[in-house]
Amino acid sequence: MKSFRAFIVKEFFHILRDKRTVLILFGMPVIQMILFGFAIRNEINDARIAILDHAHDARSQEITQKILSSGYFQNVQTLTHDDQIAPAFETGDVKMAVVFEPQFTARLYHEGVANIQLITDATEPNMATTLTAYATSIIRDYSANLNPHALTPIVTEVKMLFNPEMRSVYLFVPGLIALLLMLISALMTSITITREKELGTMEILLVSPLRPIQIIVGKVLPYLLLSLVNTSTVLLLARFVFEVPFRGSYALFYAEALLFIMTALSLGLLISTIARTQQVAMMASLAGLMLPVIILSGFIFPVSSMPVPLQIFSNIVPAKWFLIIVKGIMLKGVGIEYLWKETLVLAGMTLLLMTISARKFKIRLE
Amino acid sequence: MRTIRFILRKEFLQIFRNKGMLPIIFVMPFIQLLILSNAATFDVKNVKFQIVDRDRSDLSRQLIERFTSTHHFILTDMPTNYAQAEGSVLKNEASLIVEIPAFFEKDVITGATAKLQLVINSEDGSTAGVIQSYAAQIIQDFTRQTVPFQPTQGTTQRIEIIARNWYNPELNYKHYMIPGILVALVTMIGLFLSGMNVVREKEIGTIEQINVTPIKKHQFIIGKLLPFLIIGLFELAMGLVIGRLVFDLPMLGGLPLVFGITIIYLILVLGLGLFISTVTETQQQAMFIAWFFMVIFMLMGGLFTPLDSMPLWAQQTMWINPVALFIRILRQVLLKGAPLQDIIPYVSALIGLAFTMFTLAVIRYRKTSD
């Protein structure tokens, strides 16, 4: 036991002595968190649009005013001819063109119907749909005011739960916590053990009186503690810089974070038992984990909209479960009674990964 | 020239001898491209929802029918009280609650206004917005078509909105995502491989051996980077072939243009990798720094979230973000068929960055160990 403790202490100092690595480990998540927290948005403000007004009359100008004063759009080009629409899109500046037909107001009065065309650059489908929806609702509002005597038999009241202002930072901050913990923990473990193998120092460790399991625990433990420190810093940033609410229990949050870090560490462990060189270990944990964690976890894209096979596949991404847990604790303020299923899945994954790596590790010894 | 050829051969041999790396370089990116292109969509489908129907009338049943007949919504339960429905939201069993008030039918028929309540889980704000607009559309259609009479006075004026989606009328999200994911994959492979390469020789100690040989600095650098440039081009070509054959990706622009720009781009990425290699001491450090930049490039690069949504200062970072520039160029050229003159600002920025990065890397790399 004494030599085990000494080994852990040695590993700790080994990491802390390397100033550059320490700076990287603690500094990078903070910088990323701040950068992304301020920059990444889903909402659309001031989208660049072009106006092509063939009518230039009272109504068309009023509607143009309404659209431009909504805050969603800004007019960057005033076109005079249909042929100018395509070039406006092709240089990439304009996202939507609003086209009023000639005699707009006159038609509205005499025929009861007038047309507006909304042409979008649908190479960005999400942007196109959103912009059309925004513009449509502005025009509909305007249109409703044209007929003040029409009655509305049904009105709809909307209540947004947990994030009434629909701020995207509420979604991205929990996602970033999961992304940072996952990649840093998995990467650190996978490298640290492979490194010993590659440099040949593992042989020396193996002839020491320490048992293999102690070697692994000793290697992983410092990183576990480092990850907990990282958890705290990103949590502080989330609370005080980005003002994401924290409605649940801190104790539960830390317990779950610890569990997730262990999942990531054991994944790193597994990678290190398979990989022979640091290069392979790093490529597997970086190039192999980064996009799946971002795309399949629900961090950015809603999992429920994916094709069914991918929804099933996404279940093996640990970050998906942790994300549900973090959002549950932070935004919904729920306790373990709502999160036990996700917790069990993570615990099961950790156990499975650890068992496999322990087996593999022993085989390598013989 | 001869020397370079020898180094090239050595580097290629080293790459191909490493059995662990081969699948990572030549298989993993394509599997990711195939899988992830299908996953990356902002379409909102299969939203789990619950209805609290306090009216239980013909009209309320018709409204429920409206919701369940679209592919956007899946009814998971019809609880008798609101509290129960809210509990399901906490358990992630519903994202939308529709509450139909008592006397809904009677109010509608007698001309009094009936109030429908929509409660939406807005943890994910943008999805919540889409759910709201779908639900509003359903209710609006329902009102227009089903509600027996809509008393109006005088003549009505109506504005007809005609929406057209150019370049991608079916709003196929994959066409938008594939160029982006491809850029991410090519960048990762290029950056990580080159970032680790020189520092690996430092860590293992073989760099000392190379330093005592008569190899010139430029020969060494060319020999080190050329293989990765070739691999990067191969990855992009394969990715485009998959995009074309599997996802029917449009390729309106010229392929020579695409590959010409890719070469510039790869020089930039490999230069960055080499630079990271020279300022670090261990592969671990090199990897962390490469990862640090990669995540920033990707998340700030307009790959997943539109650049236009970012604050202005963040939009400006596009000009120093290779991933952002390259994604932008590829989308313009492949999806819209933009010729070179339309993308000159972005290409110039790329060339400028490539030149700066590569020069820095070469200056920083010394043939001596400190």
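Residues numbered from 1 in each chain as written. Chains lettered and ligands numbered in written order. Predicted model: local features only at pLDDT ≥ 70, side-chain atom pairs only at ≥ 80, totals over all residues. Heavy atoms only, no water.

Take the overall build of chain A next. Counting secondary structure elements, chain A contains 15 helices and 5 strands. The globule rule puts the C-alpha radius of gyration for 366 residues at 21 Å, and the 28 Å found for chain A is more than 25% above it. Relative to its 366 residues, chain A shows a buried fraction of 57%. When contacts within chain A are restricted to residue pairs at least 6 apart in sequence, those whose partners lie at least 24 apart make up 76%. Of the roughly 15100 Å² of accessible surface on chain A, 63% is carried by carbon and sulfur atoms. (Helix = DSSP H or I, 4+ residues; strand = E, 2+ residues; numbered from the N terminus. Rg over C-alpha atoms; globule rule 2.2 N^0.38 Å. Buried < 20%, exposed > 50% of the residue type's maximum accessible area, 1.4 Å probe, protein only. Contact = heavy atoms within 4.5 Å. Areas by Shrake-Rupley, 256 points an atom, 1.4 Å probe, with all protein chains shown as cover.)

Let us look at empty space enclosed by the protein. Applying the stated criterion to the full structure yields 6 cavities of 30 Å³ or more. Roughly 220 Å³ of internal volume is contained in the largest cavity. Forming the walls of the largest cavity are 17 residues, and the residues nearest its centre are Lys-95 and Glu-124 of chain A together with Tyr-176, Arg-328 and Arg-331 of chain B. Broken down by element, the lining of the largest cavity gets its largest block of residues, 6 residues, from helix 14 (residues 322-336) of chain B. A class-by-class count of the residues in the lining of the largest cavity yields 5 nonpolar, 5 polar and 7 charged. (1 Å grid on protein atoms, 1.4 Å probe; cavity = no way out; pocket = protein on both sides within 12 Å on 5 of 7 lines; lining within 4 Å. Points joined across faces, edges and corners; volume = space filled by probe spheres on them. Nonpolar A, V, L, I, M, F, W, Y, C, P; charged D, E, K, R; others polar.)

Right, let's get into the confidence of the model for chain B. Taken residue by residue, chain B gives an average pLDDT of 85. The fraction at 70 or more is 96%. Averaged pLDDT values over the elements of chain B bottom out at 76 in helix 9 (residues 206-211) of chain B and peak at 93 in helix 11 (residues 255-279) of chain B. (pLDDT = per-residue confidence, 0-100.)

Before going further, it helps to spend a moment on the sheet that holds strand 4 (residues 113-121) of chain A. Taken together, the 5 strands give an open sheet; going across it, the order is 2(A)-1(A)-3(A)-4(A)-5(B), and neighbouring strands pair in mixed fashion. With partners counted over all chains shown, the strands left at the sheet margins are strand 2 (73-79) of chain A together with strand 5 (158-166) of chain B, one partner each. With direction set aside, neighbouring strand axes in the sheet form an average angle of 25°. Two strands pair when backbone bridges link them, and strand 4 of chain A and strand 5 of chain B are joined in this way by 9 bridges, in the parallel orientation. Its bridge partner being in strand 5 of chain B, Thr-120 of chain A is matched across the sheet by Asn-165 of chain B. In the packing of helix 6 (residues 125-146) of chain A onto the sheet, contacts are made with strand 1 (47-53), strand 2, strand 3 (96-100) and strand 4 of chain A together with strand 5 of chain B, and the angle to strand 5 of chain B comes to roughly 170°. (Pairing = 2+ DSSP bridges. Axes fitted to C-alpha atoms, helices over the stretch in contact; angles between N-to-C directions.)

Moving on: the interface of chain B and chain A. Contact residues are listed per partner, giving 120 residues for chain B and 120 residues for chain A. For the pair chain B and chain A, the summed buried area comes to about 11000 Å², and 65% of that belongs to carbon and sulfur atoms. The largest share of the area that chain B buries against chain A comes from Glu-123, Gln-157 and Trp-291 of chain B, three residues that together contribute 8% of it. On the surface where chain B and chain A come into contact, there are 4 salt bridges. Across the pair Lys-95 of chain A and Asp-308 of chain B runs a salt bridge, and its minimum N-O distance is 3.7 Å. With 14 residues, helix 8 (residues 173-204) of chain B is the largest single contributor of residues to the side of chain B that touches chain A. (Buried area = accessible area lost by both parts, 1.4 Å probe. Salt bridge = Lys/Arg side-chain N within 4 Å of Asp/Glu carboxyl O.)

Turning our eyes to something else, we now look at the environment of Met-166 of chain A. By secondary structure assignment, the location of Met-166 of chain A is in the loop between strand 5 (154-161) and helix 7 (169-199). Along the sequence, Met-166 of chain A and Asn-42 of chain A sit 124 residues apart, while their C-alpha atoms lie 9.8 Å from each other. If we skip the residues at most four places from it in the chain, Met-166 of chain A touches Glu-43 and Met-160 of chain A together with Ser-122, Gly-125, Ala-128, Gly-129 and Gln-132 of chain B.

This next bit is on the confidence of the model for chain A. When pLDDT is averaged across chain A, the result is 85; 97% of the residues are at 70 or more. Of all the helices and strands in chain A, helix 8 (residues 201-206) of chain A carries the lowest mean pLDDT, 75, while strand 3 of chain A carries the highest, 92.

Applying the stated criterion to the full structure yields 17 salt bridges over all chains. The salt bridge partner of Asp-121 of chain A is Lys-336 of chain B, with a shortest N-O separation of 2.8 Å. Placement of Asp-121 of chain A in strand 4 and of Lys-336 of chain B in helix 14 is noted, with the two residues assigned to different chains. Lys-336 of chain B sits in the buried class, given a relative accessible area of 8%. The partner of Glu-11 of chain B in a salt bridge is Lys-224 of chain B, with the nearest N and O atoms 2.8 Å apart. Taken together, the residues Glu-11 of chain B in helix 1 (residues 2-17) and Lys-224 of chain B in helix 10 (residues 217-247) connect sequence positions 213 residues apart. A relative accessible area of 2% places Glu-11 of chain B in the buried class. For Lys-224 of chain B, a relative accessible area of 2% gives the class buried.

Moving on, we come to the pairing of strand 2 of chain A. Residues and elements named next belong to chain A. As judged from the 6 bridges shared by strand 1 and strand 2, these two strands associate in the parallel manner. The partner of Ala-50 across the bridge, within strand 2, is Gln-77. Since strand 1 and strand 2 lie parallel, the crossover through helix 3 (residues 58-68) that links them has a hand, and here it is right-handed. (Right-handed = clockwise from strand over helix to strand, strands pointing away.)

Residues and elements named next belong to chain A. Inspection of the entire model under this criterion finds 24 aromatic pairs over all chains. Taken together, a centroid distance of 5.0 Å and an interplanar angle of 65° make the contact between Phe-38 and Phe-242 edge-to-face. Remark: Phe-242 occurs in the loop between helix 9 (212-241) and helix 10 (250-274) and Phe-38 occurs in helix 2 (residues 19-39); sequence separation between them is 204 residues. Taking relative accessible area as the criterion, Phe-38 reaches 37% and is therefore assigned partly exposed. (Phe/Tyr/Trp six-rings, centres within 6.5 Å; stacked < 30°, edge-to-face > 60°.)

With respect to the helices, strands and loops of the structure, Glu-123 of chain B is situated in the loop between strand 4 (114-121) and helix 7 (125-146). Since its relative accessible area comes to 6%, Glu-123 of chain B is described here as buried. A distance of 3.5 Å separates a polar atom in the side chain of Glu-123 of chain B from a polar atom in the side chain of Lys-332 of chain A. Polar contacts involving the side chain of Glu-123 of chain B include one to the side chain of Asn-121 of chain B, which spans 2.7 Å. The contact partners of Glu-123 of chain B, leaving out residues within four places of it in the chain, are Leu-161, Phe-162, Asn-163, Tyr-170, Leu-171, Lys-327, Leu-331 and Lys-332 of chain A. (Polar contact = N/O pair within 3.5 Å; in protein donor to acceptor, adjacent residues only side chain to side chain.)

Here the focus is the layout of surface pockets. The rolling of a water-molecule-sized probe over the atoms marks out the regions of remaining empty space. Looking at the second largest pocket, its volume works out to about 1000 Å³. What lines the second largest pocket is a set of 42 residues, among which Ser-304 and Ile-324 of chain A together with Lys-48, Asn-92 and Ser-95 of chain B lie closest to the centre. At the level of secondary structure, the elements contributing two or more residues to the lining of the second largest pocket comprise helix 14 (318-332) and helix 15 (336-365) of chain A together with strand 1 (47-53) and helix 7 of chain B. Class assignment for the residues of the lining of the second largest pocket results in 18 nonpolar, 12 polar and 12 charged.

Pairing in this open sheet of 5 strands is mixed, and the strands run 5(A)-4(B)-3(B)-1(B)-2(B) from one edge to the other. Strand pairing shows two members of the sheet lacking a second neighbour, strand 5 of chain A together with strand 2 (73-77) of chain B, which therefore form its edges. Averaged over all pairs of adjacent strands, the angle between strand axes in this sheet comes to 30°, irrespective of strand direction. Inspection of the sheet shows strand 3 (residues 96-100) of chain B paired to strand 4 of chain B by 4 bridges, in the antiparallel sense. Within strand 4 of chain B, the residue paired with Ile-97 of chain B across the bridge is Val-119 of chain B.

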